[in-house]
Amino acid sequence: RRTVLFGDRMLSRGSEAHIAFNSLSVRRTVLNILNAVDHATRWAVFEHLSEAHATRLCGQIETYLACLADLEALSEDALHVDCAPMHGTGVSVDLRFIPHGMSEPLSLTLHQSVGGLKVAGTAFGKTA
């Protein structure tokens with residue numbers, strides 16, 4: 001007889017804001033999205049970004065999120081991407097989506113610069 005353990009829940013960090021995000025599948029989905037956006041936006045650090053570059057970048061990220069929605073990893077509701085050039089080099093990306101297993105949207109603000117991808121401190125809290 002074998003015992004199989006399923007670790008699909010993470011410990012809550014003592015805050016109601018983290019309860020919806022403590023599912024391991026949701027956490028993995030978000031981390032995969034962050035990794036994909038990181039790799040897809042690295043070129044932006046070496047370009048002087050114009051609005052045309054930002055629009056192209058947004059289109060690429062929107063297509064990626066739409067594909068994840070087609071695979072039912074994300075809800076098709078509340079998909080939103082906004083890209084803007086940062087001062088100097090780099091790009092700021094605002095994402096909003098609902099991962100499978102969550103009922104409310106998750107908002108992330110990502111900053112890709114020479115120092116790498118940085119996620120805003122409010123990334124894993126509740127959205128307004």
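Before going into details, it helps to say that this report is about the structure given with it. (Residues numbered from 1 in each chain as written. Predicted model: local features only at pLDDT ≥ 70, side-chain atom pairs only at ≥ 80, totals over all residues. Heavy atoms only, no water.)

**Some thoughts on the pattern of salt bridges**
Moving on, step 1. Within the structure shown, the criterion is met by one salt bridge.
Moving on, step 2. A salt bridge links D38 to R42; the nearest nitrogen and oxygen atoms lie 3.0 Å apart. (Salt bridge = Lys/Arg side-chain N within 4 Å of Asp/Glu carboxyl O.)

**A word on helix α2 (residues 51–70)**
Because each turn of an α-helix spans 3.6 residues, side chains separated by three or four positions end up pointing in the same direction.
Moving on, step 1. In this model, α2 (20 residues) spans 28 Å end to end at C-alpha, consistent with the 28 Å of a helix rising 1.5 Å per residue.
Moving on, step 2. Of all the positions in α2, only A54, L57, C58, I61, L65, L68 and A69 are classed as buried. The arc that holds the buried residues of α2, viewed along the axis, is 120°, so those residues lie on one side. Within α2, the exposed residues directed more than 90 degrees away from the buried face are A52, T55 and D70.
Moving on, step 3. Next to the buried residues of α2 lie α1 (24–41), β1 (74–85) and β2 (91–99). (Helix = DSSP H or I, 4+ residues; strand = E, 2+ residues; numbered from the N terminus. Expected span 1.5 Å × (residues − 1). Buried < 20%, exposed > 50% of the residue type's maximum accessible area, 1.4 Å probe, protein only. Arc of directions from axis to C-beta. Contact = heavy atoms within 4.5 Å.)

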